[in-house]
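Okay, here's what each chain looks like letter by letter:
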Amino acid sequence: MSQTLLEMTKDLVMAQIQAKTLPPEDMHQALQQTYASLQALKAQEDAYGSVAVATLETPPKPIDWRKSVTKHVVTCLECGVSLKQLSVRHLKEHGLDGRSYREKYRIPRTQPLAAKEVTAKRQEIVQRSRPWEKAPTFVKAQEEKKREEAAVAPKKRTAQRKGTARAKA
Ligand SMILES: [Zn+2]
């Protein structure tokens, strides 16, 4: 590459001498200056060239929604504001709702749009109150399960005894 620059420099300076815009005694200085200018231009070109290549090879990363949901806050990927949860009202300001927001940022449908601690607290409340256990069908199912367990219990005990015997032997 420097060979080409050197040749270009020589040609440029020679052209100036031939055009009589440059006295031959100034040739040495002109050569140095021209070469330096070309080197600077080349460096610039290389810099821009490498930037262009890097852009081609690594396209801008898609926004990772996982980073937007942290322990204490959820960051709105539309406006960057950090909240405890992304309310329907807030998303509406961006012309979105929970569904379109998730679609836009490829967030799974099961992902709550809230800070992890908010989600955890909500789940804890649900777990503690166990609303489904108050449902008659659940209670009935539990009773049936207990009856079934009582029915198979003797078999289980036999199996256990066998297991203990084998363990001793
Ligand atoms: Zn927002």
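Preceding block: the structure.
Anyway, here's the lowdown on the structure attached to this text.

Topologically, Thr119 is positioned in helix 5 (residues 116–129). For Thr119, a relative accessible area of 14% puts it in the buried group. Not counting chain neighbours up to four residues away, the residues in contact with Thr119 comprise Pro112 and Ala114.

Opposite charge on two side chains makes pairing possible when the charged atoms of those side chains draw close. Counted according to the given criterion, the structure contains 6 salt bridges. We note a salt bridge from Asp64 to Arg66, for which the minimum N-O separation is 3.7 Å. Overall, Arg66 belongs to the exposed group, its relative accessible area being 55%. The closest approach of N and O atoms between Arg128 and Glu124, which form a salt bridge, is 2.6 Å. Residue Arg128 and its partner Glu124 are located together in helix 5, separated by 4 residues, close to a single helical turn.

Definitions and limits used
- Residues numbered from 1 in each chain as written.
- Predicted model: local features only at pLDDT ≥ 70, side-chain atom pairs only at ≥ 80, totals over all residues.
- Heavy atoms only, no water.
- Helix = DSSP H or I, 4+ residues; strand = E, 2+ residues; numbered from the N terminus.
- Buried < 20%, exposed > 50% of the residue type's maximum accessible area, 1.4 Å probe, protein only.
- Contact = heavy atoms within 4.5 Å.
- Salt bridge = Lys/Arg side-chain N within 4 Å of Asp/Glu carboxyl O.

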